[in-house]
Amino acid sequence: MSTSTPRPRDAVATIPAYVPGKPPIARAGQHVYKLSSNENPYPPLPGVLEAVAGAAATMNRYPDMGCSALYAALSERLGVAPDQFAAGTGSVAVLYHLLQAYCGPGDEVVHAWRSFEAYPIAITVAGATAVPVPLADGGRHDLEAMAAAVTDRTRVVIVCTPNNPTGPSVSASDLAAFVAKVPPHVLVVVDEAYREFVREADPVDGVALVAGYPNVVAMRTFAKAYGLAGLRVGYLVGSPEIAAAVRACSLPFGVSSIAQAAVIASLGAEPELLDRVEQIVSERDRVVASLRDQGWAVPDPQGNFLWFDTGARTAQFTASAEEAGIMVRPFADEGIRVSIGEREANDRLVSVAARWRADSGQ
Ligand SMILES: *Cc1c(COP(=O)(O)O)cnc(C)c1O
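In this report, we go over the structure that sits alongside the text. (Residues numbered from 1 in each chain as written. Predicted model: local features only at pLDDT ≥ 70, side-chain atom pairs only at ≥ 80, totals over all residues. Heavy atoms only, no water.)

**Here's the deal with the layout of surface pockets**
Over the atoms, a rolling probe the size of a water molecule traces out where space has been left empty.
Line of reasoning, step 1. In this structure, the largest pocket occupies an estimated 570 Å³ of space.
Line of reasoning, step 2. Every residue lining the largest pocket is counted, 30 residues in all, and those nearest its centre are Y18, S37, F116, K224 and R232.
Line of reasoning, step 3. Put simply, the parts of the chain that give the lining of the largest pocket at least two residues each are α3 (91-102) and α4 (118-125).
Line of reasoning, step 4. Taken together, the residues of the lining of the largest pocket break down into 14 nonpolar, 8 polar and 8 charged. (1 Å grid on protein atoms, 1.4 Å probe; cavity = no way out; pocket = protein on both sides within 12 Å on 5 of 7 lines; lining within 4 Å. Points joined across faces, edges and corners; volume = space filled by probe spheres on them. Helix = DSSP H or I, 4+ residues; strand = E, 2+ residues; numbered from the N terminus. Nonpolar A, V, L, I, M, F, W, Y, C, P; charged D, E, K, R; others polar.)

Pasting the structure below:
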């Protein structure tokens, strides 16, 4: 009898691990806040729980595989034809499907680094090769270097704006100039997971860019501003051809009836959504102003999170934050990403940061 066992593809051994934000560690007498996953601190928007309960009553049935009501609602909201959408269980899933559709072994995918940790994972899973391009000063995309990194093997370029985990966004004019430089057969993914929080003067609108450039797709999610992280739904907007290719690679019935209903209800609660986003943005601005007063050089935060350049002392800062009852997302020996959360949580962050500077004599 042979002793050999089933062997995964060689690429599987090289898939980097995804490090999820730590859950709150319960402590006696202290509420612990989770600021480690860029989640929305607010509960579901009005009408959403009711829509979810209604959809739950039909859980013996498969969901609408064509997401027709979801695409119709998005189509109306964004003024884009229903056949230009491809949804998935989070925009990360949509990225997996897109890379599966467009890349194979030997193909290259260019992206900034440090950026969203799911990129190298998804690229490796597809069997393609990640080409990370170092960020420029201030945690910004180096679009010139990214354009220069495009080779004959490049199939996809990902632009993460605002960049997770550092915070800055790309401006619309810089992105347009970049897209004009990329060959038309190379797909440009504009990951706009945090677009609702952007307050920069010349904000990117990936969907508008799709109209002028058929090789561009905008990727968006309901996990952040819309507060539906737990239901897993995101989508892309692209040309009908790209959207069809991505849908063809999607898991059948991936987006649940509950998630579809929640999104449609959430799209109907836009005034409340925008109000919450405004609160988060104003908390972000308040926190970053305090931190800069303390002397921290925080990169321009355009999402619902901040970046601390803690370098070799990342583990110590993380421990101090946990001691104060806030869970953060450390990147070993690089820095720390902290989400904007409840006011009390944000206040604790400001105190931890102040104490840190005092203790380190800076
Ligand atoms: C959170 C996030 C997403 C979306 O994640 P899903 O929960 O899968 O929709 C996509 N891109 C970036 C950069 C993110 O931070």
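**Overview of the sheet that holds strand β11 (residues 329-331)**
Line of reasoning, step 1. Read across the sheet, 3 strands follow the order β9-β12-β11 without closing on themselves; strand pairing throughout is antiparallel. Both outer strands of the open sheet, β9 (305-308) and β11, are each paired with one neighbouring strand and no more. Averaged over all pairs of adjacent strands, the angle between strand axes in this sheet comes to 20°, irrespective of strand direction.
Line of reasoning, step 2. Bridge count for β11 against strand β12 (residues 335-339) is 3 bridges, and the pairing is antiparallel. The residue bridging R329 from the neighbouring strand is R337, located in β12.
Line of reasoning, step 3. Against the sheet, helix α11 (residues 314-323) engages β9, β11 and β12, with an angle of about 30° to β12. (Pairing = 2+ DSSP bridges. Axes fitted to C-alpha atoms, helices over the stretch in contact; angles between N-to-C directions. Contact = heavy atoms within 4.5 Å.)

**Description of the site of the ligand**
Line of reasoning, step 1. Surveying the vicinity of the ligand reveals 13 residues, the closest of which are D191, Y194, T221, K224 and R232.
Line of reasoning, step 2. Contact distances for the ligand include 2.7 Å between a nitrogen atom and a side-chain N or O atom of D191.
Line of reasoning, step 3. Between the ligand and the protein, one listed contact pairs an oxygen atom with a side-chain N or O atom of R232 at 2.7 Å.
Line of reasoning, step 4. If you map the ligand onto the pockets, it falls in the largest pocket.
Line of reasoning, step 5. For the shell around the ligand, the residue count by class is 6 nonpolar, 4 polar and 3 charged. (Near = heavy atom within 4 Å. Polar contact = N/O pair within 3.5 Å; in protein donor to acceptor, adjacent residues only side chain to side chain. Sits in = over half its atoms within 2 Å of the grid points.)

**Let's talk about the packing of α11 against helix α12 (residues 343-359)**
Line of reasoning, step 1. At a minimum axis distance of 10 Å, the contact between α11 and α12 shows a crossing angle of 135°. Relative to α12, the element α11 lies oblique. The two elements α11 and α12 cross, and the hand of that crossing is right-handed. On the side of α11, the interface is formed by Q316, F317, S320 and A321, while α12 contributes V352, A353 and W356.
Line of reasoning, step 2. Per-class residue counts for the contact of α11 with α12 are 5 nonpolar, 2 polar and no charged. (Parallel < 35°, antiparallel > 145°, perpendicular 65-115°, else oblique. Left-handed = near helix turned anticlockwise from the far one by under 90°.)

**Details of the nonpolar core**
Line of reasoning, step 1. By size, the foremost hydrophobic cluster in this structure holds 57 residues, and its most contacted members are F222, L291, W296, L306, F308 and I326.
Line of reasoning, step 2. Among the elements that take part in this core, helix α10 (residues 270-294) stands out by supplying 7 residues, more than any other.
Line of reasoning, step 3. With sequence-adjacent residues up to four places away left out, W296 is seen in contact with L291, F308, T310, F317, A353, W356 and R357. (Core = buried A, V, L, I, M, F, W, Y, C linked by side-chain atoms within 4.5 Å. Buried < 20%, exposed > 50% of the residue type's maximum accessible area, 1.4 Å probe, protein only.)

**What about the pairing of strand β7 (residues 216-221)?**
Line of reasoning, step 1. Burial runs high along β7: 6 of the 6 residues are buried.
Line of reasoning, step 2. On β7, burial covers both faces: V216, A218 and R220 on one face and V217, M219 and T221 on the other are all buried.
Line of reasoning, step 3. The pairing of strand β6 (residues 187-191) with β7 spans 4 bridges and is classified as parallel. Within the sheet, the bridge partner assigned to D191 lies in β7 and is M219.
Line of reasoning, step 4. Strand direction decides the pairing type here: β7 and strand β8 (residues 234-237), joined by 4 bridges, are antiparallel. Within β8, the position partnered with M219 by the bridge is L236.

**Brief notes about the pairing of β12**
Line of reasoning, step 1. With 5 of its 5 residues buried, β12 lies for the most part within the structure.
Line of reasoning, step 2. Hairpin connection of β11 to β12: 3 residues between the antiparallel strands, including D333 at a positive phi of 60°.

**Re the environment of Q30**
Line of reasoning, step 1. Its location among the elements puts Q30 in the segment before β1 (33-34).
Line of reasoning, step 2. Separated by 295 residues in the primary sequence, Q30 and G325 place their C-alpha atoms 6.8 Å from one another.
Line of reasoning, step 3. Look past the residues within four positions of Q30 in its chain and what remains in contact with it is E323, A324, G325 and R348.

**Brief notes about the pattern of salt bridges**
Line of reasoning, step 1. Under the criterion given, the structure shown has 17 salt bridges.
Line of reasoning, step 2. Ionic pairing is found between R155 and D107, a salt bridge with its closest N-O pair at 3.6 Å. Placement of R155 in strand β5 (residues 154-160) and of D107 in the loop between α3 and β3 (108-113) is noted, with a sequence separation of 48 residues between them.
Line of reasoning, step 3. We note a salt bridge from R114 to E334, for which the minimum N-O separation is 2.9 Å. Taken together, the positions of R114 in the loop between β3 and α4 and E334 in the loop between β11 and β12 put the pair 220 residues apart, joining distant regions of the chain.
Line of reasoning, step 4. Looking at E334, the relative accessible area reads 31%, which means it is partly exposed.
Line of reasoning, step 5. Put simply, E192, R195, D205 and R220 are held in one network by salt bridges that share partners. (Salt bridge = Lys/Arg side-chain N within 4 Å of Asp/Glu carboxyl O.)

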